[in-house]
Amino acid sequence: MSDVSSTLRTGPATGHWRTAAQQRRLRRRYAADRRMQILGLGAIGLAVALLGILFGSLVYSGYLAFAQTRVVLEFRIDPALVQPDRIQDGNFRSIIRQALFQQFPEVTSRRQQTELAKLLSPGAEWIVRDHVQANPELVGRTVNLLVPVADPYDQLSKGVIPRDVPESQRRLGDEAIGWLDSLDRRGLVRTTFAWELFLNADSRFPEMAGLAGAMTGSFLTLLVCLLLSIPLGIAAAVYLEEFAPKNRLTSLIEVNINNLAAVPSIVFGLLGLAVFLGFLGLPRSAPLVGGMVLSLITLPTIVIATRATLKAVPPSIREAALAIGASKHQVMMHHVLPMAMPGIMTATIIGLAHALGETAPLLLIGMNAFIPSVDSIGLLEPATALPMQIYSWADSPERGFVARTSAAILVLLGFLVAMNAVAIYLRQRFERTWS
Amino acid sequence: MKEHIVRSYEEELALLDRKIAQMGGLAEDALGQAFDALEKRDPRLAEAVIGSDKAIDLLQKEIEEQVIAMIARRQPMADDLRHVMAALRITSDLERIGDLAKNTAKRALAVSQEPYPKPIMSGLRNMVERALRQLKDVLDAYAERNSELALSVWREDEQIDAMYNSVFRELLTYMMEDPRNIGLCTHLLFGAKNIERIGDHATNIAEVVHYLVHGVSIADDRPKGDETSSTLISHQ
Amino acid sequence: MVVTGAADEGSRMNEQVRTGDIAGAAVSALPRGAGPAVTAKVRARHVDVFYGDKQALKDVSVDIPARAVTAFIGPSGCGKSTFLRCINRMNDTIPTSRVSGQITIDGEDIYDPRLDVVQLRARVGMVFQKPNPFPKSIYENVAYGPRIHGLARNKPELDGIVMSSLEKAGLLKEVRDRLGDSGTSLSGGQQQRLCIARAIAVSPEVILMDEPCSALDPIATARIEELIDELRENYCIIMVTHSMQQAARVSQRTAFFHLGELIEQGDTTDIFTNPRNRQTQDYITGRYG
């Protein structure tokens with residue numbers, strides 16, 4: 001047996017590894033390893049930096065929208081202006097003006113009074129009205145309420161409108177600045193969280209504009225999209241993966257599904273416009289149509305991802321079930337689908353997150369409606385969606401919408417991050433059940 | 001026959017055969033020399049034969065150990081299994097042959113001082129020559145995996161038995177003729193019996209070779225020629 | 001030589017000299033009129049299997065006795081697993097596969113179009129190379145088969161089937177207190193016994209085992225082998241194995257496949273001490289290739 005080992009030992013003589021040539025080779029290999037690492041680190045660093053810049057700029061320009069400047073005023077609900085049985089039709093405009101003028105008795109000229117009235121947001125009127133409506137016993141009494149100031153004053157208070165430039169280049173004159181400062185000195189100006197951003201629907205006045213309408217619209221749209229794309233997507237994927245005969249037709253379908261996933265979303269928008277609106281005659285701007293169009297976009301993604309997860313279910317499980325006498329359908333329903341479900345959910349959530357951010361197709365079916373009230377939103381009623389809201393705010397001239405736009409983007413990103421987090425959570429659970 | 005994929009396995013099997021051949025050679029030498037010692041009344045040669053048995057025993061031990069190790073480590077199958085089992089059985093037969101040769105040599109030592117008439121040895125010599133040829137043939141049969149040769153060895157054992165019968169009668173006759181021959185003839189008788197036994201062992205080896213080659217035992221009963229157990233020569 | 005009839009056994013025993021034509025004849029099908037083995041449970045005649053254009057099995061004829069372990073050995077890709085999968089028609093799941101010839105179980109043609117595959121697979125259990133319990137509880141793993149085949153009318157009956165199957169698989173003692181645990185939480189050997197229990201639970205007549213121990217350590221392997229030995233009394237067991245030692249230890253009959261052909265079959269002892277065919281001999285002694 002010793003001769004065997006001697007014949008096997010045909011490698012280079014010992015000491016070969018210490019030669020200078022070998023050392024050079026070794027150094028080159030180490031250097032190559034390091035280069036590889038540095039390259040990868042650099043790529044990741046660049047991505048993180050770009051992401052940081054994006055978020056930084058969004059937060060920098062958007063954080064102001066989460067705060068709102070308000071003033072506390074004493075409103076006298078004059079029964080002459082508001083009838084207790086018809087509060088809805090009361091003249092709250094006058095009540096507001098009176099409350100304001102009461103603070104500035106020195107302002108008497110009509111022109112000045114008109115200017116002064118612009119200090120408060122037009123929304124103040126509705127806030128007082130809603131408050132009185134909720135508490136009808138207030139008629140005839142006075143009530144202290146916190147009402148938002150109009151956008152220019154809000155911007156002034158937040159320092160967006162500078163004070164140290166000549167008056168002619170400012171949105172607000174010296175007089176107007178004086179009024180706000182005077183209220184501030186009396187301790188009536190407060191800066192609080194801008195709950196309007198989340199609770200209000202859209203408005204032409206930035207300080208009153210909120211995302212509630214857009215969020216409701218997005219929610220309804222995604223609901224429709226979810227209800228359509230999950231059953232359709234899973235059914236299609238299951239059929240293609242498990243039941244379809246492997247022939248020319250099915251491979252053609254496969255290729256086309258893969259192609260559909262790469263089709264620009266605006267094309268789907270056009271399809272929706274032509275088929276759902278033009279041919280089927282569904283209402284414009286409705287979440288139903290929006291959801292249908294978005295489900296067209298998410299379907300290929302869901303089908304592809306579902307097929308991948310179905311493929312990932314170990315064949316041994318299928319064999320085990322088949323070998324014990326389960327039918328194809330039982331194998332599918334009892335074993336493969338339950339095992340693939342977390343993966344399918346992950347794929348669906350990512351697909352929906354994708355759909356949540358879609359703008360172009362919604363634009364084409366007119367889902368950029370101006371929705372001033374959440375109550376009016378329904379499946380067949382005109383609606384808007386988050387990305388559309390961002391789009392229309394970005395187009396608005398008022399100064400306050402700049403911050404509002406960034407804030408809306410942050411909210412949208414927040415939703416996307418939350419959805420992806422759920423997807424990651426599901427994926428981890430999914431991986432746990434494997435081993 | 002193709003070689004094993006594992007070369008060291010092939011080498012171990014070859015080593016086994018070499019050791020068997022070596023052992024067989026030693027056993028042949030021992031038998032031949034034991035008879036020479038008997039015939040020439042050479043106590044030194046007899047001593048040498050007795051000493052050489054150690055080497056045979058040692059080889060037997062080696063082969064046994066190697067076979068056990070191979071069964072444990074290689075788990076031989078089919079013809080390899082038969083090969084190592086054959087080696088194990090042949091080695092024990094050869095060891096017995098060595099012992100019988102040694103015993104014969106011891107008898108040569110015992111009778112080396114006794115005078116005896118020449119003709120007494122001729123029958124014995126024929127037997128020894130026959131046995132040596134049988135042994136050589138069967139070892140060749142093993143080395144060549146030649147079952148025909150093994151079968152012929154197996155069949156021809158009858159002749160050794162027949163020779164033994166005649167030697168038996170011859171020696172009995174000598175003893176009856178002259179009681180002084182009884183001591184010598186008894187030793188020679190045992191020597192002859194040893195050689196007959198060696199023939200039997202050669203036959204065993206032939207059977208092993210047949211099994212090794214074909215995987216089945218020789219079906220018939222072996223022809224037996226040794227009738228001495230029932231031979232009785234009455235005093236006339 | 002494909003040996004099944006008693007007459008062949010006898011003639012073989014008398015053979016003393018190996019001749020070339022015996023090896024040549026090994027490939028041919030059963031001789032005409034060769035009587036069936038007395039207790040043949042599974043019988044195959046002239047089975048060919050094609051995967052697309054590739055022929056995976058060529059003219060395989062074999063009789064497999066009931067209440068015994070039959071081992072299929074042979075190099076990878078020799079068709080032994082393919083043949084095993086013909087017996088419960090698992091090959092049907094491969095779209096391009098095509099089987100011709102005849103396979104019967106108790107005389108019933110299993111490729112008869114009127115025969116229901118699902119029922120066949122309940123009659124012919126299968127255990128796979130890698131333990132593949134469902135990612136469900138131990139109880140559910142065993143109860144699944146009886147449940148889909150409606151073998152238990154109520155919960156106590158189902159419990160009874162589960163318990164006795166686990167008992168027969170020698171696993172009950174180890175898992176009695178944790179039937180609700182996941183089947184995948186068991187060790188590899190326990191998982192494999194769970195898979196055997198799962199197969200037994202539907203009361204099969206034949207159990208196919210495709211290299212059941214190749215993923216297990218020697219101790220777990222020994223346990224499975226012991227189990228197979230016990231099960232032999234009630235089932236017709238057919239196993240594919242790469243370990244010739246295992247085939248030698250466990251089986252009573254052995255069949256050697258090579259390049260899609262059944263080269264030789266016979267009593268395990270004969271195959272491993274004195275194979276008739278040169279190819280068989282080369283394979284089991286490690287001279288293959």
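All values derive from a computational prediction rather than experimental measurement.

Let's talk about the overall build of chain C
Alright, step 1. Scanning chain C from terminus to terminus reveals twelve helices and ten strands.
Alright, step 2. When contacts within chain C are restricted to residue pairs at least 6 apart in sequence, those whose partners lie at least 24 apart make up 68%.
Alright, step 3. Summed over all atoms, the accessible surface of chain C reaches about 11,800 Å², with 51% contributed by carbon and sulfur.

Considering the sheet that holds strand E8 (residues 236-240) of chain C
Residue and element names in this part refer to chain C.
Alright, step 1. What the six strands build is an open sheet, ordered E6-E7-E8-E3-E9-E10; its pairing is mixed. The sheet is open, and its two borders are formed by strand E6 (124-127) and strand E10 (261-267), each paired with just one other strand. In this sheet, adjacent strand axes meet at a mean angle of 20 degrees when their direction is disregarded.
Alright, step 2. In this structure, strand E3 (residues 69-73) lies alongside E8, joined through four bridges in parallel fashion. Paired with alanine 71 across the bridge in E8 is methionine 239.
Alright, step 3. Set on the sheet, helix H3 (residues 80-87) makes contact with E3, E6, strand E7 (206-210), E8 and strand E9 (253-258); between it and E7 the angle comes to about 150 degrees.
Alright, step 4. The strands touched by helix H8 (residues 188-200) within the sheet are E6 and E7, with E6 carrying the most contacts at an inclination of about 170 degrees.

A closer look at the sheet that holds strand E2 (residues 54-65) of chain C
Residue and element names in this part refer to chain C.
Alright, step 1. The strand order E2-E1-E4-E5 describes an open sheet built from four strands, whose pairing is antiparallel. Every other strand in the sheet has two partners, leaving E2 and strand E5 (108-109) as the edge strands with one partner each.
Alright, step 2. Pairing geometry for strand E1 (residues 40-51) and strand E4 (residues 97-105), over eight bridges, is antiparallel. For arginine 45, the partnering residue across the bridge sits in E4 and is glutamine 102.

Re the layout of surface pockets
Alright, step 1. One number sums up the size of the largest pocket: a volume of about 700 Å³.
Alright, step 2. Looking at the largest pocket, it is lined by 22 residues, and the ones nearest its centre are A:Glu241, A:Glu242, A:Arg318, A:Lys328 and C:Thr93.
Alright, step 3. When contributions to the lining of the largest pocket are tallied by element, the ones reaching two or more residues are helix H9 (212-243), helix H12 (287-312), helix H13 (315-323) and helix H14 (328-356) of chain A.
Alright, step 4. The element that contributes the greatest number of residues to the lining of the largest pocket is H13(A), accounting for four residues.
Alright, step 5. Class assignment of the residues belonging to the lining of the largest pocket gives a composition of twelve nonpolar, one polar and nine charged.

Details of the pattern of salt bridges
Residue and element names in this part refer to chain B.
Alright, step 1. One pass over the full model with this rule turns up 41 salt bridges over all chains.
Alright, step 2. Between glutamate 156 and arginine 130 there is a salt bridge, with the nearest N and O atoms lying 2.6 Å from each other. With glutamate 156 in helix H5 (residues 147-177) and arginine 130 in helix H4 (residues 120-144), the pair connects residues that are 26 residues apart, well separated along the chain.
Alright, step 3. Judged by its relative accessible area of 13%, arginine 130 is buried.
Alright, step 4. The salt bridge involving lysine 136 is made with aspartate 140; its shortest N-O contact spans 2.9 Å.

Some thoughts on the interface of chain C and chain A
Alright, step 1. Listed per partner, the contact involves 22 residues of chain C and 17 residues of chain A.
Alright, step 2. Surface buried jointly by chain C and chain A totals about 1,600 Å² across both partners, of which 65% is contributed by carbon and sulfur atoms.
Alright, step 3. Here C:Arg85 and A:Glu319 are joined by a salt bridge, their closest N and O atoms 2.9 Å apart.
Alright, step 4. Counting residues per element, the ones that place at least two in the side of chain C that touches chain A are helix H4 (117-123), E6 and helix H5 (138-148) of chain C.
Alright, step 5. Tallied by class, the residues present in the side of chain C that touches chain A amount to twelve nonpolar, six polar and four charged.

So, unusual backbone geometry
Residues and elements named next belong to chain C.
Alright, step 1. Phi at aspartate 59 takes a positive value of approximately 50 degrees, unusual for a residue other than glycine.
Alright, step 2. Secondary-structure assignment places aspartate 59 in strand E2.
Alright, step 3. Unlike most non-glycine residues, serine 203 shows phi in positive territory, near 50 degrees.
Alright, step 4. By secondary structure assignment, the location of serine 203 is in the loop between H8 and E7.
Alright, step 5. Given a relative accessible area of 54%, serine 203 falls into the exposed group.

Side note on the domain arrangement of chain A
Residues and elements named next belong to chain A.
Alright, step 1. By the assigned domains, chain A splits into domain 1 (2-63), domain 2 (66-208) and domain 3 (212-430).
Alright, step 2. If you average the C-alpha positions of domain 1 and of domain 3, the two centres end up 40 Å apart.
Alright, step 3. A combined buried area of about 510 Å² lies between domain 1 and domain 3, and 79% of that area is made up of carbon and sulfur atoms.
Alright, step 4. Among the residues of domain 1 in contact with domain 3, Leu58, Ser61 and Gly62 are the three that bury the most area, contributing 72% of the side total.
Alright, step 5. There are one residue pair in polar contact (both at pLDDT 80 or more) connecting domain 1 and domain 3.
Alright, step 6. In terms of residue class, the side of domain 1 that touches domain 3 is built from three nonpolar, two polar and no charged.

Quick look at empty space enclosed by the protein
Unfilled space is identified by rolling a water-sized probe across the atoms.
Residue and element names in this part refer to chain A.
Alright, step 1. For the coordinates displayed, the defined rule picks out six cavities of 30 Å³ or more.
Alright, step 2. What the largest cavity holds in volume is close to 50 Å³.
Alright, step 3. Together, Leu64, Ala65, Gln68, Asp151, Asp154, Gln155, Lys158, Pro206, Glu207, Gly400, Ala403 and Arg404 line the largest cavity.
Alright, step 4. If you list the elements that add at least two residues to the lining of the largest cavity, you get helix H6 (151-157) and helix H17 (400-434).
Alright, step 5. Among the residues making up the lining of the largest cavity, the classes are represented as four nonpolar, three polar and five charged.
Alright, step 6. Here the lining of the largest cavity spans two domains, and each of domain 2 (66-208) and domain 3 (212-430) adds at least three residues to it.

Observations concerning the packing of aromatic side chains
Alright, step 1. In the structure shown here, the tally under the stated rule is eleven aromatic pairs over all chains.
Alright, step 2. Seen in terms of ring centroids, A:Phe66 and A:Phe193 are 6.4 Å apart; in terms of plane orientation they differ by 20 degrees. Their pairing is stacked. Linking A:Phe66 in the loop between helix H2 (20-62) and strand E1 (67-76) with A:Phe193 in strand E3 (residues 189-193), this pair joins segments that are 127 residues apart in sequence.
Alright, step 3. For A:Phe193, a relative accessible area of 47% puts it in the partly exposed group.
Alright, step 4. Ring centres of B:Tyr164 and B:Phe168 lie 6.1 Å apart, and the angle between their planes is 50 degrees; this geometry places the pair in the tilted category.

Describing the interface of chain B and chain C
Alright, step 1. With 21 residues of chain B at the contact, the number on the chain C side is 21 residues.
Alright, step 2. Note on chain B versus chain C: buried area summed over both sides is about 1,800 Å², and carbon and sulfur give 47% of it.
Alright, step 3. The interface formed by chain B and chain C includes two salt bridges.
Alright, step 4. For C:Arg287, the salt bridge goes to B:Asp79, with nearest N and O atoms at 3.4 Å.
Alright, step 5. Run the count over chain B and chain C and you get eleven residue pairs in polar contact (both at pLDDT 80 or more).
Alright, step 6. Elements represented by at least two residues in the side of chain B that touches chain C include exactly helix H1 (7-40), helix H3 (78-111) and helix H6 (182-214) of chain B.
Alright, step 7. In terms of residues, the side of chain B that touches chain C owes the most to one element, H3(B), which gives five residues.

Cut-offs applied
Residues numbered from 1 in each chain as written. Chains lettered and ligands numbered in written order. Predicted model: local features only at pLDDT ≥ 70, side-chain atom pairs only at ≥ 80, totals over all residues. Heavy atoms only, no water. Helix = DSSP H or I, 4+ residues; strand = E, 2+ residues; numbered from the N terminus. Contact = heavy atoms within 4.5 Å. Areas by Shrake-Rupley, 256 points an atom, 1.4 Å probe, with all protein chains shown as cover. Pairing = 2+ DSSP bridges. Axes fitted to C-alpha atoms, helices over the stretch in contact; angles between N-to-C directions. 1 Å grid on protein atoms, 1.4 Å probe; cavity = no way out; pocket = protein on both sides within 12 Å on 5 of 7 lines; lining within 4 Å. Points joined across faces, edges and corners; volume = space filled by probe spheres on them. Nonpolar A, V, L, I, M, F, W, Y, C, P; charged D, E, K, R; others polar. Salt bridge = Lys/Arg side-chain N within 4 Å of Asp/Glu carboxyl O. Buried < 20%, exposed > 50% of the residue type's maximum accessible area, 1.4 Å probe, protein only. Buried area = accessible area lost by both parts, 1.4 Å probe. Domains from an automatic or database assignment. Polar contact = N/O pair within 3.5 Å; in protein donor to acceptor, adjacent residues only side chain to side chain. Phe/Tyr/Trp six-rings, centres within 6.5 Å; stacked < 30°, edge-to-face > 60°.

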